[in-house]
Amino acid sequence: MPGGPDDVTGRVCGELAAELPDEDLAEDLADCLDLYEMGTKPRCEEVEYLGLVREALDRIARGR
């Protein structure tokens, strides 16, 4: 159904991929957080990456 949860998820994931073009994002964004190993990126990149993934998950949960 247009405008449904799958559309929101696809749009948000597409926007996240555009913001993080060098990242290999998992199909399930929750896996990105669960499987992430702290300290594998410079601190400022790590904070940005984790923040963007969490924000994307929040947007999907809100349906926006």
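Residues numbered from 1 in each chain as written. Predicted model: local features only at pLDDT ≥ 70, side-chain atom pairs only at ≥ 80, totals over all residues. Heavy atoms only, no water.

1. Structural notes on the nonpolar core
Val-8, Val-12, Leu-16, Leu-20, Leu-29, Cys-32, Tyr-36, Tyr-49, Leu-50, Leu-52, Val-53 and Ala-56 together form the largest nonpolar core, which totals 12 residues. For this core, the secondary-structure elements that each account for two or more residues are α1 (5-19), α2 (29-35) and α3 (43-62). Looking at this core, the element that brings in the most residues is α3, giving five residues. With residues up to four places along the chain from it excluded, the contact list for Leu-52 reads Leu-16, Glu-19 and Leu-20. (Core = buried A, V, L, I, M, F, W, Y, C linked by side-chain atoms within 4.5 Å. Buried < 20%, exposed > 50% of the residue type's maximum accessible area, 1.4 Å probe, protein only. Helix = DSSP H or I, 4+ residues; strand = E, 2+ residues; numbered from the N terminus. Contact = heavy atoms within 4.5 Å.)

2. Re the side chain of Lys-41
Relative to the helices and strands, Lys-41 is located in the loop between α2 and α3. On the accessibility criterion, Lys-41 (18% relative accessible area) is buried. A distance of 2.7 Å separates a polar atom in the side chain of Lys-41 from a polar atom in the side chain of Glu-23. Beyond its immediate sequence surroundings of up to four residues, Lys-41 is in contact with Glu-23, Tyr-36, Glu-46 and Tyr-49. (Polar contact = N/O pair within 3.5 Å; in protein donor to acceptor, adjacent residues only side chain to side chain.)

3. Describing the side chain of Arg-59
Tracing the chain through its elements places Arg-59 in helix α3. Setting aside residues no more than four positions away along its own chain, Arg-59 makes contact with Val-8, Arg-11, Val-12, Glu-15 and Arg-64.

4. A closer look at the confidence of the model for the chain
When pLDDT is averaged along the chain, the result is 90, and 92% of the positions lie at 70 or above. Averaged over each element, pLDDT in the chain is lowest for α1 (90) and highest for α3 (95). (pLDDT = per-residue confidence, 0-100.)

5. Some details on the environment of Leu-20
Mapping Leu-20 onto the fold places it in the loop between α1 and α2. With 44 residues separating them in the primary sequence, Leu-20 and Arg-64 have C-alpha atoms 19 Å apart.

6. Observations concerning the environment of Ala-61
Positionally, Ala-61 belongs in helix α3. Of the residues examined, Ala-61 reaches a relative accessible area of 67% and is grouped as exposed. Separated by 52 residues in sequence, Ala-61 and Thr-9 place their C-alpha atoms 8.9 Å apart.

7. Some details on the packing of aromatic side chains
Geometry of an aromatic ring pair is reported as the spacing of the ring centres plus the angle between the planes. Under the criterion given, the structure shown has one aromatic pair. Ring geometry for Tyr-36 against Tyr-49: centres 5.4 Å apart, planes inclined by 35°, an arrangement best described as tilted. One end of the pair, Tyr-36, is in the loop between α2 and α3; the other, Tyr-49, is in helix α3, with 13 residues separating them in the sequence. Both residues of the pair, Tyr-36 and Tyr-49, count as buried. Positioned over the ring face of Tyr-49 is Lys-41, at 4.8 Å from the centre of the ring. (Phe/Tyr/Trp six-rings, centres within 6.5 Å; stacked < 30°, edge-to-face > 60°. Lys NZ or Arg CZ within 6 Å of the ring centre and 35° of its normal.)

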